[in-house]
Amino acid sequence: MSSYIMNMETQKLELHFDKSDYMGLSDDLKKEIKSNFLFSQKANAWVSRAKFPNLWRAEEVAKKIGLENAGKVGQILSFAEQMEQKAERAEARAERYDYKSEKAQEKGNVLQKPINDMHGDIAFFTQPNINTSAGRAFTKQREKMFSAWERGFEEFKKSEYYAERAAIARQTAEDTKPTDKGFIDRRIKDAEKTIRAQRKNIEVYQKYIERIKSGEEIKRYNGDILTLELVQEWIEKTEMIIENAISKSIYYHECLEKVGGIAFSKDNIKVGYIIELNKWGKCRVTGVGKVNISYCIIEGGAAGYGGKATYAEIENIISEEVQDMPAHPFKVGDTYTIDVWNSEKHIREPKEYTVIKTTPERVTLKHGEEKAISRKPRRVKDNSINGVCWVIDLINDFGGTIFKQELIIGGIRNV
């Protein structure tokens with residue numbers, strides 16, 4: 001019977017039908033199948049390119065060609081088991097590519113051997129073409145040898161290509177066991193975010209069920225009536241997403257434990273500390289939060305740049321000496337002049353603004369009796385001063401931006 005199934009082990013959709021049925025489909029349906037599925041000799045079925053939960057398009061194609069839903073087969077693998085399978089497949093690919101690389105190298109050597117063996121025989125390479133039976137035979141043989149020699153280069157290129165593919169496959173296998181704490185921490189947070197969001201979805205679906213059971217008619221965006229069966233299907237899919245996310249969180253928590261866990265938090269990192277980030281090296285902490293820190297790079301070509309990082313990305317504390325560092329260089333009483341467009345005169349006129357209030361995050365400026373404007377300053381790289389420049393976009397127009405330079409000297413701010 002022609003049908004489609006959900007393979008719980010691979011978390012992919014499989015289409016099972018005879019070749020004669022496939023040949024009887026229209027060209028458009030064949031294109032849709034090839035766009036969303038790959039034929040697997042092992043499964044003897046068309047297997048979806050996408051995995052759960054991104055199977056809506058594949059399922060739509062299955063229904064469009066008239067296949068029946070035959071349910072689910074197999075058992076869900078834990079995320080750790082999925083990663084183990086991924087690593088095994090990647091290692092197997094690497095071995096196959098190694099074999100192909102070696103064979104291409106050997107074939108290249110064989111093809112080039114006849115010419116290489118003639119190295120030093122000047123007569124062989126310089127003898128002109130002689131229009132005799134023996135001369136033509138010699139010329140033809142020499143041309144074959146040169147042709148083989150050229151094909152040898154193509155084999156060497158194949159060998160290099162397969163060697164590169166083998167290296168990529170081994171890197172894929174290695175990446176299933178991450179050691180970067182920042183990467184691991186982000187994967188854990190992603191999984192936990194998914195769990196929270198999907199649990200909220202289940203709460204919404206449960207309310208739909210209550211409303212439907214009470215006799216209320218709920219219409220979907222396309223006008224169809226929402227049924228209990230469809231809502232229950234949504235809940236089952238959502239529970240599967242949550243199960244996968246929990247498994248992923250457990251896997252990455254185990255990875256984090258193996259690399260020593262997270263040693264730093266808001267409790268032992270303070271503003272002004274000099275720390276080492278695994279990506280940027282020596283940095284100064286400019287802000288601390290519950291999840292992230294703000295930092296300023298103080299060494300190397302990126303000195304002066306800043307950003308945010310998780311506590312997991314901190315390698316170690318270089319210095320705990322805290323120095324007075326304002327969040328930004330703008331102070332109450334500072335005045336700045338910008339150019340403002342006068343639509344009546346069709347010219348730009350200078351307009352002076354005075355800083356009337358500052359917080360670590362924002363600056364408030366005022367011109368005369370006009371309403372005060374509050375903006376968040378930002379830092380940008382300024383190569384002309386070997387440091388950074390603070391910017392306030394006061395008015396969204398040409399000439400409406402305030403600039404203030406900041407030098408980074410030995411990691412210390414000097415405004």
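Calculation criteria
- Residues numbered from 1 in each chain as written.
- Predicted model: local features only at pLDDT ≥ 70, side-chain atom pairs only at ≥ 80, totals over all residues.
- Heavy atoms only, no water.
- Helix = DSSP H or I, 4+ residues; strand = E, 2+ residues; numbered from the N terminus.
- Rg over C-alpha atoms; globule rule 2.2 N^0.38 Å.
- Contact = heavy atoms within 4.5 Å.
- Lys, Arg positive; Asp, Glu negative; His and termini not counted.
- Charge placed at Lys NZ, Arg CZ, Asp CG, Glu CD.
- Core = buried A, V, L, I, M, F, W, Y, C linked by side-chain atoms within 4.5 Å.
- Buried < 20%, exposed > 50% of the residue type's maximum accessible area, 1.4 Å probe, protein only.
- Patch = residues over 30% accessible without salt bridge, like charges linked within 9 Å, V, L, I, M, F, W, Y side chains within 5 Å.
- Areas by Shrake-Rupley, 256 points an atom, 1.4 Å probe, with all protein chains shown as cover.
- Salt bridge = Lys/Arg side-chain N within 4 Å of Asp/Glu carboxyl O.
- Pairing = 2+ DSSP bridges.
- Axes fitted to C-alpha atoms, helices over the stretch in contact; angles between N-to-C directions.

A closer look at the overall build of the chain
Alright, step 1. Across its full length, the chain carries eight helices and 18 strands.
Alright, step 2. Here the C-alpha atoms of the chain give a radius of gyration of 34 Å, more than 25% beyond the 22 Å that 2.2 N^0.38 yields for 415 residues.
Alright, step 3. Over its C-alpha atoms, taken along the principal directions, the chain stretches across nearly 105 × 85 × 60 Å.
Alright, step 4. Long-range pairs, those at least 24 residues apart, make up 53% of the contacts in the chain with a sequence separation of at least 6.
Alright, step 5. Averaged over its 68 positive side-chain charges, the chain has a centre that lies 2 Å from the centre of its 64 negative ones.

Let's talk about the nonpolar core
For soluble globular proteins, nonpolar side chains are generally found buried alongside one another.
Alright, step 1. In terms of nonpolar packing, the biggest core is built from 21 residues, with L15, F17, I33, F37 and I65 touching the most fellow members.
Alright, step 2. Elements with a contribution of two residues or more to this core: strand 1 (3-7), strand 2 (12-16), helix 2 (27-36), helix 3 (56-64) and helix 8 (228-258).
Alright, step 3. Element by element, the count of residues in this core is highest for helix 3, at three residues.

Focus: a positive patch on the surface
Alright, step 1. On the surface, K42, K51, K86, R89 and K248 cluster together to form a positively charged patch.
Alright, step 2. Of note, K86 is situated in helix 4 (residues 79-117).

Describing the sheet that holds strand 5 (residues 68-73)
Neighbouring strands of a sheet are bound in pairs by backbone hydrogen bonds; such pairs are parallel or else antiparallel.
Alright, step 1. Ordered by their spatial adjacency, five strands build an open sheet running 3-4-2-1-5, and the pairing between neighbours is mixed. The sheet terminates laterally at strand 3 (37-40) and strand 5, the two strands that pair on one side only. Ignoring strand direction, the axes of neighbouring strands in this sheet form an average angle of 30°.
Alright, step 2. Across five bridges, strand 1 lies against strand 2 in antiparallel orientation.

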